Amino acid sequence: MSQLAGTRNVDEKIYKENGEYNGTAFKAASKRKRITVRGLKNIGNVLLFTLPAMLPMVLFWIYPIINTGWLSFTDWDYMTPEYNLVGIENYQNIFTDSRFWEAMTHTILFAVGTVIPILMFGLILALLMRNKFRGSAVYKFLIFSPWITPTVAISIIWNWIFLPNGGLANQVLKILNLPASQWTQSSDSALMSVIIVTVWKSIGYAMIFYITALEKIPQERIEAASLDGANKLQKFRYIIFPGISPTTFFLSVVTMVDSLKAYDQIQILTQGGPSGSTRTLTYLYYQLGFEEFNMGAASAVAIVLIMITVTLSLIQFKVSKKWVNY
C-alpha cells in the first residue's frame, strides 16, 4: 500500500511540476504502478495455490517442531497443565546421561547397518530383475510386498521366526550345522536382529527405484562400451553407476531418515532391550516422555535428533555434488 501511495504522489508532482503536464514521466510512473499491482496479484495467486499444501505442513510439522522446542526448556510432566521454565537444564541432563550416549551409538550402528545393505541388496535385485522373464512380475511383487505391509505385522511374524526354541531362524541354522542364536533375547544379537528385519522390509522399495533408474540408462552406451572391450565391472563403474547416482542419492537420504526415526520394529521385537541394547534416540524419547513422564527431557532428545537428521541431510546434499550426475 505504501508503494501505491508513493506512486500516486509522484503522479501529482508530475501534474503540478511547473504547471505543465509531463507526459513521458507520467507514463513511466503509471507503468511502475501497473507492475506493482500485477506483482501483488501474482503473490496473491501464489499464496492461494500453495495454501492447501502449506496449511497441513504448518499444522502438522512446523508447529509441532516449534512446540517441541519450547517444551524442551520446561519441566512438564505430561500429566498436569503446570510447568516451569528450566532453561537448558534438560539438555545438560541428557548430555550427562549415559543412556543418551548409548542410544546415540545404537542409532548410528542401526543407521549404518540398514542404509548400506538396503542400497546394496536393492541394487543387486534390480540388476537381476530388470530383464523380463517368465514370472518376473510375481517375483517383483513378492520382494516389494514387505514394504507395503505394516511394520507392526512384519515385526510380529519375525518375533515368531526369532524364537530361540523352535523358531524358523534357528531351524535354518540347524540345517546348516551352525550354532543356534538367542536373536532378540540376547544383548549381543538383538540389534542385529532388528537390522535384519528392517533391511528385509526395505530392499524391495530400493529395488523398484533402481529398476526404474536402470531402464533410463541408454542401452547404446552399454553396447558401445562392449564394442570397445569394456568388461562388466568397467561398464558398471563408468556407465551404470553414474546413471543411477541420482536414485542412489535419493534412497540414501530417505533410508537414513527412516533409520533415524525407526520405532515400530524396536517396540515389537525388543522394547529397547535386552538391557538397553536396542535403545535408539527415538526409543529413548518414547521412554523419557511416556514411561518416565519427563516430557522436557524427551523433547530435548527429539530436538537433538532433528538437528542430527538435518545436519546429516545437508552433508549428503553437499557431498552429492561430487558424485551425483544429473
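Residues numbered from 1 in each chain as written. Predicted model: local features only at pLDDT ≥ 70, side-chain atom pairs only at ≥ 80, totals over all residues. Heavy atoms only, no water.

Comments concerning the overall build of the protein chain
Argument step 1. A tally of regular secondary structure across the protein chain gives 13 helices and zero strands.
Argument step 2. Seen in sequence order, the protein chain has helices and strands lined up from the N terminus as α-α-α-α-α-α-α-α-α-α-α-α-α.
Argument step 3. Here the protein chain holds 326 residues, and the buried ones make up 38% of them.
Argument step 4. Excluding contacts between residues fewer than 6 apart, the proportion of contacts in the protein chain whose partners are at least 24 apart in sequence is 64%. (Helix = DSSP H or I, 4+ residues; strand = E, 2+ residues; numbered from the N terminus. Buried < 20%, exposed > 50% of the residue type's maximum accessible area, 1.4 Å probe, protein only. Contact = heavy atoms within 4.5 Å.)

Topic: the environment of Ile266
Argument step 1. Relative to the helices and strands, Ile266 resides in helix H11 (residues 264-269).
Argument step 2. When the C-alpha positions of Ile266 and Thr278 are compared, they lie 7.1 Å apart, and in sequence the two are twelve residues distant.
Argument step 3. Excluding anything up to four places from it in sequence, Ile266 contacts Val194, Gln271, Gly272, Thr278, Thr280 and Tyr283.

Overview of the confidence of the model for the protein chain
Argument step 1. For the protein chain, the mean per-residue pLDDT works out to 87, and 88% of the residues sit at or above 70.
Argument step 2. When the criterion is pLDDT under 50, residues 1-8 qualifies, and its contacts beyond four places in sequence or with other chains add up to six contacts.
Argument step 3. Note that pLDDT drops below 50 for residues 14-21; the model gives that stretch eleven contacts with residues more than four away or on any other chain. (pLDDT = per-residue confidence, 0-100.)

Here we look at the nonpolar core
Argument step 1. Membership of the largest hydrophobic core comes to 60 residues, with the highest contact counts inside it found for Ile94, Phe100 and Ile244.
Argument step 2. With residues near it in sequence (within four places) discarded, Ile244 still touches Leu123, Tyr210, Ala213, Leu214 and Ile217. (Core = buried A, V, L, I, M, F, W, Y, C linked by side-chain atoms within 4.5 Å.)

A few points about helix H10 (residues 232-260)
Argument step 1. With 29 residues, H10 should cover 42 Å at 1.5 Å per step; its first-to-last C-alpha distance of 35 Å lies more than 12% under that length.
Argument step 2. For H10, the N-terminal capping position is held by Asn231, with its side-chain oxygen 3.2 Å away from the main-chain nitrogen of Leu233. (Expected span 1.5 Å × (residues − 1). Polar contact = N/O pair within 3.5 Å; in protein donor to acceptor, adjacent residues only side chain to side chain.)

Describing the packing of helix H4 (residues 98-129) against helix H12 (residues 281-290)
Argument step 1. Packing of H4 against H12 leaves a shortest axis separation of 8 Å and a crossing angle of 145°. Within the contact between the two elements, H4 uses Arg99, Phe100, Ala103, Met104 and Thr107 and H12 uses Leu281, Leu284 and Leu288.
Argument step 2. Taken together, the residues that form the contact of H4 with H12 break down as six nonpolar, one polar and one charged. (Axes fitted to C-alpha atoms, helices over the stretch in contact; angles between N-to-C directions. Nonpolar A, V, L, I, M, F, W, Y, C, P; charged D, E, K, R; others polar.)

Topic: the packing of aromatic side chains
Argument step 1. Summed over all chains, the structure comprises 22 aromatic pairs.
Argument step 2. Between Trp70 and Tyr83 the ring centres are 6.4 Å apart and the planes differ by 85°, which places this aromatic pair in the edge-to-face class. Within this pair, whereas Trp70 is found in helix H2 (residues 23-71), its partner Tyr83 is found in the loop between H2 and helix H3 (89-95), the two being separated by 13 residues in sequence.
Argument step 3. For Trp70, a relative accessible area of 40% gives the class partly exposed.
Argument step 4. Look at Phe162 and Trp183: their rings are 4.9 Å apart centre to centre, the planes differ by 25°, and that puts the pair in the stacked class. One end of the pair, Phe162, is in the loop between helix H6 (151-161) and helix H7 (168-175); the other, Trp183, is in the loop between H7 and helix H8 (190-215), and 21 residues separate them in sequence.
Argument step 5. Judged by its relative accessible area of 14%, Trp183 falls in the buried class.
Argument step 6. By the ring-pair criterion, three or more aromatic residues cluster together here, those being Trp76, Tyr78, Tyr263, Tyr283, Tyr285, Tyr286 and Phe290. (Phe/Tyr/Trp six-rings, centres within 6.5 Å; stacked < 30°, edge-to-face > 60°.)

Observations regarding the pattern of salt bridges
Argument step 1. For the structure shown, the criterion picks out three salt bridges.
Argument step 2. For Asp97, the salt bridge identified is with Arg99, shortest N-O distance 3.2 Å.
Argument step 3. The exposure class of Arg99 is partly exposed, given its relative accessible area of 24%.
Argument step 4. Residue Arg99 is joined to Glu292 by a salt bridge in which the shortest nitrogen-to-oxygen separation is 2.7 Å. Residue Arg99 is found in helix H4, and its partner Glu292 is found in the loop between H12 and helix H13 (295-320); the two are separated by 193 residues along the sequence.
Argument step 5. Through salt bridges with shared partners, one network takes in Asp97, Arg99 and Glu292. (Salt bridge = Lys/Arg side-chain N within 4 Å of Asp/Glu carboxyl O.)

Observations concerning unusual backbone geometry
Argument step 1. In this chain, Gly273 is followed by Pro274 through a cis amide linkage whose omega measures -5°.
Argument step 2. Mapped onto the elements of the fold, Pro274 is located in the loop between H11 and H12.
Argument step 3. Located in the positive-phi region is Asn177, a residue other than glycine, with phi close to 60°.
Argument step 4. Secondary-structure assignment places Asn177 in the loop between H7 and H8.
Argument step 5. Its relative accessible area of 71% is what places Asn177 among the exposed residues.
Argument step 6. We note that Phe293 has phi near 55°; this positive angle belongs to a residue other than glycine.
Argument step 7. Secondary-structure assignment places Phe293 in the loop between H12 and H13.
Argument step 8. Residue Phe293 is classed as partly exposed on the basis of its relative accessible area of 35%.

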